[in-house]
Amino acid sequence: MLVLVISMIIAGCSSTEKNEDNITEHVVASDFVLEVTTPTVLGTGEALKVKGTIKYTGIKPVEVSHGEPIIRFSFSGSNEQRNYADVGYVTEFKSGQVVEVEDEFIVTKKGKQNLIVDMTADISMTMKPIEILVK
């Protein structure tokens, strides 16, 4: 029985090996932390699924004017274009508040590609490009 339980645990753990190809990057500006999680190795025809979060680490509530969505992604390995609203939104951030944005691109180009992530608002934050290998 113990051998069965141990082998099930090992089998369960080994299924997460693909997650080793994921990377999480972050950048800090003022009282905000922008964090992005993305796969770094994909094949053509697959979907690149990215998730970005903004966390407010300040104490006092603060209003931020921004476009929609507040986190924007662009990917050189896809032909997809995004139409973003540049103005007109205000979010009040309270201490510890997190805003999450997810996006998806269908991968069409092979080779080394770049994922660009930025936050265009009163507080402008841009990450260095994240390299993604498309096989």
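Scroll up a little and you will see the structure.
Below or above, wherever it landed, is the structure these notes cover.

**Thoughts on the nonpolar core**
Logical step 1: In this structure, Leu48, Phe73 and Leu115 are the most contacted members of the largest nonpolar core, which totals 27 residues.
Logical step 2: Listed by contribution, the elements that provide at least two residues to this core are strand E2 (32-39), strand E4 (47-56), strand E5 (62-75), strand E7 (98-106), strand E8 (111-121) and strand E10 (130-134).
Logical step 3: Per-element accounting of this core gives the leading share, 5 residues, to E5.
Logical step 4: Those residues within four positions of Leu115 in sequence are excluded, and the remaining contacts are Val36, Thr38, Leu48, Val50, Phe73, Ser74, Phe75, Pro129, Ile130 and Ile132.

**As for the environment of Lys109**
Logical step 1: Within the element layout of this structure, Lys109 appears in the loop between E7 and E8.
Logical step 2: As a C-alpha pair, Lys109 and Val134 span 25 residues in sequence and 7.1 Å in three-dimensional space.
Logical step 3: With sequence-adjacent residues up to four places away left out, Lys109 is seen in contact with Thr44, Ser76, Gly77, Ser78, Asn79 and Val134.
Logical step 4: Engagement of the side chain of Lys109 in a polar contact is seen with the backbone oxygen of Ser76, the distance being 3.4 Å.

**Examining the pairing of E8**
Logical step 1: Here 6 bridges tie E5 to E8, and the two strands are oriented antiparallel to one another. By the bridge assignment, Ile71 is partnered in E8 with Met119.
Logical step 2: Note that E8 and E10 share 5 bridges and pair antiparallel. From the neighbouring strand, Gly111 faces E10, where its bridge partner is Val134.
Logical step 3: The pairing of E8 with strand E9 (residues 125-126) spans 2 bridges and is classified as antiparallel.

**Some points on the packing of aromatic side chains**
Logical step 1: Applying the stated criterion across every chain, the model contains 4 aromatic pairs.
Logical step 2: Seen in terms of ring centroids, Phe32 and Phe93 are 5.2 Å apart; in terms of plane orientation they differ by 90 degrees. Their pairing is edge-to-face. Residue Phe32 is located in strand E2, and its partner Phe93 is located in strand E6 (residues 85-93); the two are separated by 61 residues in the primary sequence. There is no split in this pair, since Phe32 and Phe93 are both buried.
Logical step 3: On the basis of an interplanar angle of 55 degrees and a centroid distance of 6.4 Å, the ring pair of Tyr56 and Phe93 is categorised as tilted. Of the two residues, Tyr56 sits in strand E4 while Phe93 sits in strand E6, which places them 37 residues apart along the sequence.
Logical step 4: Here Tyr56 falls in the buried class, since its relative accessible area comes to 5%.

**Some words on the pattern of salt bridges**
Logical step 1: In the structure shown here, the tally under the stated rule is 3 salt bridges.
Logical step 2: As a salt-bridge pair, Glu100 and Lys51 come within 3.9 Å of each other at their nearest N and O atoms. Of the two residues, Glu100 sits in strand E7 while Lys51 sits in strand E4, which places them 49 residues apart along the sequence.
Logical step 3: Exposure remark for Glu100: the relative accessible area of 47% places this residue in the partly exposed category.
Logical step 4: Residue Arg82 pairs with Asp103 through a salt bridge whose shortest N-O separation is 3.0 Å. Taken together, the residues Arg82 in the loop between E5 and E6 and Asp103 in strand E7 connect sequence positions 21 residues apart.
Logical step 5: Classification of Arg82 by relative accessible area gives partly exposed; the value is 25%.
Logical step 6: Note on Asp103: relative accessible area 17%, which makes it buried.

Criteria and cut-off values
Residue numbers here run from 1 along each chain, matching the order of that chain's written sequence. Reporting in this predicted model follows two pLDDT cut-offs: at least 70 for local features of residues, and 80 or more for side-chain atom pairs to be given and counted; totals over whole chains, interfaces and linings ignore these cut-offs and use all residues. To get the side-chain values, take all heavy atoms of the structure and skip hydrogens and water. In this text, buried Ala, Val, Leu, Ile, Met, Phe, Trp, Tyr and Cys residues form a nonpolar core when linked through side-chain atoms within 4.5 Å. Buried means the residue's accessible area, taken with a 1.4 Å probe over protein chains only, is under 20% of the maximum for its type, while exposed means over 50%, and partly exposed covers the values in between. Where helices and strands are cited, they refer to DSSP runs of H or I of at least four residues and of E of at least two residues respectively, numbered from the N terminus. In what follows, a contact means two residues having at least one pair of non-hydrogen atoms within 4.5 Å. Pairs of N or O atoms are called polar contacts if they sit within 3.5 Å, as long as, within protein, a hydrogen donor faces a hydrogen acceptor (for residues adjacent in sequence, only side-chain-to-side-chain pairs). The pairing criterion for strands is at least two bridges between them, as found by DSSP. Working definition: a ring pair exists when centres of Phe, Tyr or Trp rings (six-membered ring for Trp) sit within 6.5 Å. Plane angles under 30 degrees give stacked, over 60 give edge-to-face, the rest tilted. Counted as salt bridges are all cases of a side-chain nitrogen of Lys or Arg within 4 Å of a carboxyl oxygen of Asp or Glu.

The values are spatial; any link to function lies outside them.
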